[in-house]
Structures are given as C-alpha cells and as structure tokens.
Number of protein chains: 2
Amino acid sequence: MIGKLYGVGLGPGDPELMTLKAYRLIQNADVVAYPTLEGGDSFARSIAADVIPNGVGEIAIHVPMSVEREPAQAAYDTGAADIAGALDAGKNVVVLCEGDPFFYGSFMYLFSRLADRYETEVVAGVTSVTACAAAVQKPLTARNEVLTIIPGPIGEDDLHARISGAEAVAIMKVGRHLPKIKKVLTELNLIQHAVYVERATLPVQKVMPLADVPEPAPYFSMILVTKGNDPWL
Amino acid sequence: MIGKLYGVGLGPGDPELMTLKAYRLIQNADVVAYPTLEGGDSFARSIAADVIPNGVGEIAIHVPMSVEREPAQAAYDTGAADIAGALDAGKNVVVLCEGDPFFYGSFMYLFSRLADRYETEVVAGVTSVTACAAAVQKPLTARNEVLTIIPGPIGEDDLHARISGAEAVAIMKVGRHLPKIKKVLTELNLIQHAVYVERATLPVQKVMPLADVPEPAPYFSMILVTKGNDPWL
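This one's a predicted model, so the numbers in the text were calculated from it and none came from an experiment.

Visitor: Give me the lowdown on the relation of the copies chain A and chain B, citing residues and values where you can.
Guide: For the pair chain A and chain B, the superposition axis carries a translation of 0.0 Å, the fit reaches an RMSD of 0.0 Å, and the rotation angle comes to 180°. As the rotation angle and translation indicate, the two copies are arranged about a two-fold axis. Counting the interface residues of chain A, we find that 100% of their copies in chain B are interface residues as well, pointing to one common contact surface.

Have a look at this one:
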C-alpha cells in the first residue's frame, strides 16, 4: 500500500483558524512535513504544534534564503525525495502549509515533484488576505468590485501601473518593500485609504494607517487599499 | 449586558472546511442569523446545519432577488433591527456567512448597520477562490505573480481590459455570464488556460475545461485562468 500526500492549509496564524479537515488530517497523519527557513523555526509547524500527535514522523525541509532560485529548488528535491520514501513505505504524509497551499505557497514545489506519481489532495485554508480584512474591520470587496492581489517585491513601475488601474488592492509580503509601496501609494493619492496589518490573527498582530508604519516591516505584513465604492456601505 | 455580534465565515461549502473557531462560536451561539434568497433555503445555514445547537434562536433575513438595490437594503434594515433586538437582550449573535464575511459577502450590509453600536468580531473563512484551485489541482499564484479576482457580472469591455492586463485570474459568480466570459477569453486566446469549477468542495462539485462547459452555469461557479509562468513548476 502506497501512502497518500496531503497539502493542508493552516490559515494565517491563529491555530483556531485551521479548518476542521486540517485538524483531522494532522491528528491522523503518519508523517508531517514542513519548510523551515535555513534550519530555523517553521511558521507552519508552529501553527499546528498543538495538533501534531506525539511520535509522528517529521520531515523538515530546510529552504535556504537566497535570491538565486537553484538552492531552494535543490532543497525541495531533497524534501520531495524524503516524502516519496515515506509514501512508498505506506505512510500518509501531511505537508503543513501556512495560509493556503496554492496561494503563494511553497507546497506547489513539492506538488510539482510528487503529484504525478502519488495520490495527492490539497486542502484549502484561510488566506492572510481575508484575515487582514477581518482585522481591519473593513469589507474587502463588495458586489462587483475587482480585487487585485499584488506581491510587494514586484518592480516600482509595475506596482504603480497595477494599483492605478485597480479597485480594491491587497499588497502582500511588504517587508523591506515598504518605502517603495508607500511612495507609489502617495503618488497615486491613495495613502489615506491604505491600512497596514502585521502578523494578522497572532497575539502580536498590529493594525495601523499606512502613513504611521515605522520601517522596517516584517515579511508577514500586508497593506489593504479599499476605496469603498459601494454607496450602501 | 449587551451581546456580541460575530460575522463568521463558513468556507466554500464542505462543512469540514469551516474553521475550528467558526465551529466553537456556532456551538456556543445564543442566536444564529443568515440570509435566504426570497425565503428559500440558506446556503450558509446548510453548511452549518450539523453544528447549530437545538433550540438556538434563528433570524432569517429574506433577501429579495432584484436588480434594484433598495428592496435588498430594506431586508438588511429589518434583519439588522432583529439582530439588534437580540444583542440588546444580552444574546450573542453569530451571523453565518458562506465563504468569508468580507469577501463579496452580504454580511457587510449588516456590519455597516451594527458595528458602530455593538462589539463586533469578524472571523475569516476559506474562500471559494482557493477552494477551486485545490479542486483543479493547479497552483493559483506562485512567488511574485499578481492575482486578479473579477466578478462575472462586470461589463464585457471592462472584463476584456482587466483580463488582458492580468497574470493569474479568478472569475467569480459566472452563472448567466458564461457566454460573455467565454467570448472574452477566446478573443484573448486564453480559453485553453481556463478551467471551470462548479460548487467547489460539495459532493456535486464539477471541474472541467472551460471549452466543455454546457450553458447555463449556476451562480456558484468560477473560472480560473493560470498561465503558469513559474519555470520551476
């Protein structure tokens, strides 16, 4: 018997925002796997920590921090081989994914290496985008509004073009890109509509107007820009 | 003692995709409230049905189907007044929301009427967008890709412009707008990258290439267009 592979979204950080299905799958896992940044802590594992059964197998995938992509891809090669070994031994493997596995997640690099050979199920999770809207207490999108989700690392000109044509906007992975994003939103006269959220749903969560945010921002931060065009709100 | 208002996301349809927090709040609710379409069934209530305790109070908000917006807004006025009555009587009220409360949800119309007067907490849920990506078994967005989420009802020219400039695209609420969307994606030579998902995560879920979809499509359907630009996938 070959094991089954699960990519399981754990939500934005508060362990109570994992789904009932994620909870059940982790509790019944033979092996859990998760990425760590250069051998440090794993955010995904920390979300699931109280659910992981004692004595379960663990596969940590040490992803190096590097602008070059080859070193990280080599780490996924190693991680995929370890996971394949467990699946071949008949064990079910649950890959722990912060947020949602297919929404800017590293799970896709394991999926692309394994899903053609092993039965694979992806379980969606709550994304940080809607978690941030809940934290801000402002609707993200009403009725027929278009929502544009933009990673902060894209270039300044591209960022400017994409925001200027957009309605509601969420800018992810702000981190060291904060000054560039502030500049663009100021140029577009949108800074007064921009709210900053850091580590949404965790006890250390911060919410504040973008204009007030000190630098540097952490990686797990987001900016929401909602123009609030619905006259009924 | 005044009660507390909760807007609780239930996820895309599979009851197991509700969060642990949604489950706890519904189990401990004094009153649950939910929209129905013209007095028919409530999709949100159906997702939570097995969690709602016996004997809990229920407030059904009968939202009329109408292009005019005033009748629906009058229904939210009535619903908000009913909820306010329960809160004033010291009861906690959980509003059941399909998907996420602030992501194209009707909860925002209750929030705008009540949150300035009552303590209100919004609990994020899994959206149909990532649930559809999981169903299709295709990553939605990698690394620095921009994701554009577009409601199907927007006009043809606007739809064309927004898709042509986009990277990954999710088109929500397809329904009777299917022919228009197919036409635009054909013009943009994207139809071969488009996958259709109907009632994601429910037992009746359907996934198929957009070109094969028969008309008419139901309201709870979505089209994902992913160009898959990441060379490492």
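There is more to say after this.
Visitor: Please set out the domain arrangement of chain A residue by residue, giving values where relevant.
Guide: You'll often see interface size given as the accessible area lost when the parts meet. Residues and elements named next belong to chain A. Taken domain by domain, chain A comprises domain 1 (5–123) and domain 2 (128–225). Between domain 1 and domain 2, the contact holds eight residues from the first and eleven residues from the second. Both sides together, the interface formed by domain 1 and domain 2 hides about 760 Å², and carbon and sulfur atoms give 75% of it. On the domain 1 side of the contact with domain 2, Pro 12, Phe 103 and Tyr 104 bury the most area, a combined 61% of that side's loss. One can count zero salt bridges joining domain 1 with domain 2. The tally of links between domain 1 and domain 2 comes to one residue pair in polar contact (both at pLDDT 80 or more). Of the residues belonging to the side of domain 1 that touches domain 2, the class tally is five nonpolar, one polar and two charged.

Visitor: Describe the environment of A:Lys21, listing the residues and the values that go with them.
Guide: For A:Lys21, the location among the structural elements is in helix H1 (residues 20–27). Sequence spacing of A:Lys21 and A:Leu10 is eleven residues, and the spatial spacing of their C-alpha atoms is 9.9 Å. The contact partners of A:Lys21, leaving out residues within four places of it in the chain, are A:Glu121, A:Val123, B:Asp14, B:Glu16 and B:Leu17.

Visitor: Lay out the interface of chain A and chain B in plain terms, naming residues and giving numbers.
Guide: Each partner contributes to the interface: chain A provides 60 residues, whereas chain B provides 60 residues. A combined buried area of about 5,100 Å² lies between chain A and chain B, and 61% of that area is made up of carbon and sulfur atoms. The largest share of the area that chain A buries against chain B comes from A:Glu16, A:Leu20 and A:Trp232, three residues that together contribute 14% of it. Summed over the shared surface of chain A and chain B, the number is four salt bridges. A salt bridge links A:Arg24 to B:Glu16; the shortest N-O distance between them is 2.5 Å. Counting the contacts that link chain A with chain B gives 26 residue pairs in polar contact (both at pLDDT 80 or more). Contributions of two or more residues to the side of chain A that touches chain B are made by H1, helix H3 (70–88), helix H4 (107–114), strand S5 (120–123), helix H5 (128–136) and strand S6 (147–151) of chain A. Considering every element that reaches the side of chain A that touches chain B, the biggest residue donor is S6(A), with five residues. In the side of chain A that touches chain B, the residues fall into 32 nonpolar, 13 polar and 15 charged. Relative to strand S6 (residues 147–151) of chain B, S6(A) runs antiparallel, the two being bridged by three bridges. Its bridge partner lying in S6(B), A:Leu147 is registered against B:Ile149.

Visitor: I'd like a rundown of the pattern of salt bridges, residues and numbers included.
Guide: All names here are of chain A. Counted under the stated rule, the structure contains 22 salt bridges over all chains. Ionic pairing is found between Lys 4 and Glu 119, a salt bridge with its closest N-O pair at 3.5 Å. Here Lys 4, found in the segment before strand S1 (5–9), pairs with Glu 119, found in the loop between H4 and S5; they are 115 residues apart in sequence, far enough to count as distant. Between Lys 21 and Glu 121 there is a salt bridge; the shortest N-O distance is 2.6 Å. Here Lys 21, found in helix H1, pairs with Glu 121, found in strand S5; they are 100 residues apart in sequence, far enough to count as distant. Note on Lys 21: relative accessible area 13%, which makes it buried. Within the structure, one salt-bridge network assembled from shared partners comprises Lys 4, Lys 21, Glu 119 and Glu 121.

Visitor: Give a detailed account of the sheet that holds strand S2 (residues 31–37) of chain A, specifying residues and quantitative values.
Guide: All names here are of chain A. As summarised here, the arrangement of the five strands in space is S3-S2-S4-S1-S5, forming an open sheet in which the pairing is parallel. A single partner strand is all that each edge strand has here, and the edge strands are strand S3 (57–63) and S5. On average, adjacent strands in this sheet sit at an angle of 20° to one another, irrespective of strand direction. One ladder, built from three bridges, connects S2 with strand S4 (residues 93–97); its direction is parallel. Each bridged residue has a counterpart across the sheet, and for Ala 33 the counterpart in S4 is Val 95. Contacts from H1 reach S1, S4 and S5 within the one sheet, and its direction differs from that of S1 by about 135°. Packed on one face of the sheet, H3 meets S1, S2, S3 and S4 and runs near 165° to S3.

Visitor: Which residues make up the UniProt feature "domain: Tetrapyrrole methylase" (unreviewed entry) in chain A, and what values do they have?
Guide: The UniProt entry lists residues 4–208 of chain A under the feature "domain: Tetrapyrrole methylase" (unreviewed entry), expressed in the numbering used here. Helix and strand shares over residues 4–208 of chain A are 34% and 22% respectively, and the end C-alpha atoms of the span are 43 Å apart.

Visitor: Describe in detail the side chain of B:Thr19, supporting the description with residues and values.
Guide: Locating B:Thr19 in the fold gives a position in the loop between strand S1 (5–9) and helix H1 (20–27). Within the structure, B:Thr19 has its side chain in polar contact with the backbone nitrogen of B:Ala22 (distance 3.0 Å). For B:Thr19, the residues in contact, after removing those within four places along its chain, are A:Glu16, A:Leu17, A:Met18, A:Thr19, A:Leu20, A:Val126, B:Val123 and B:Ala124.

Conventions we followed
Residues numbered from 1 in each chain as written. Chains lettered and ligands numbered in written order. Predicted model: local features only at pLDDT ≥ 70, side-chain atom pairs only at ≥ 80, totals over all residues. Heavy atoms only, no water. Least-squares fit on C-alpha atoms with pLDDT ≥ 70 in both. Contact = heavy atoms within 4.5 Å. Domains from an automatic or database assignment. Buried area = accessible area lost by both parts, 1.4 Å probe. Salt bridge = Lys/Arg side-chain N within 4 Å of Asp/Glu carboxyl O. Polar contact = N/O pair within 3.5 Å; in protein donor to acceptor, adjacent residues only side chain to side chain. Nonpolar A, V, L, I, M, F, W, Y, C, P; charged D, E, K, R; others polar. Helix = DSSP H or I, 4+ residues; strand = E, 2+ residues; numbered from the N terminus. Pairing = 2+ DSSP bridges. Buried < 20%, exposed > 50% of the residue type's maximum accessible area, 1.4 Å probe, protein only. Axes fitted to C-alpha atoms, helices over the stretch in contact; angles between N-to-C directions. UniProt positions renumbered as here; feature names shortened; annotations may be inferred.

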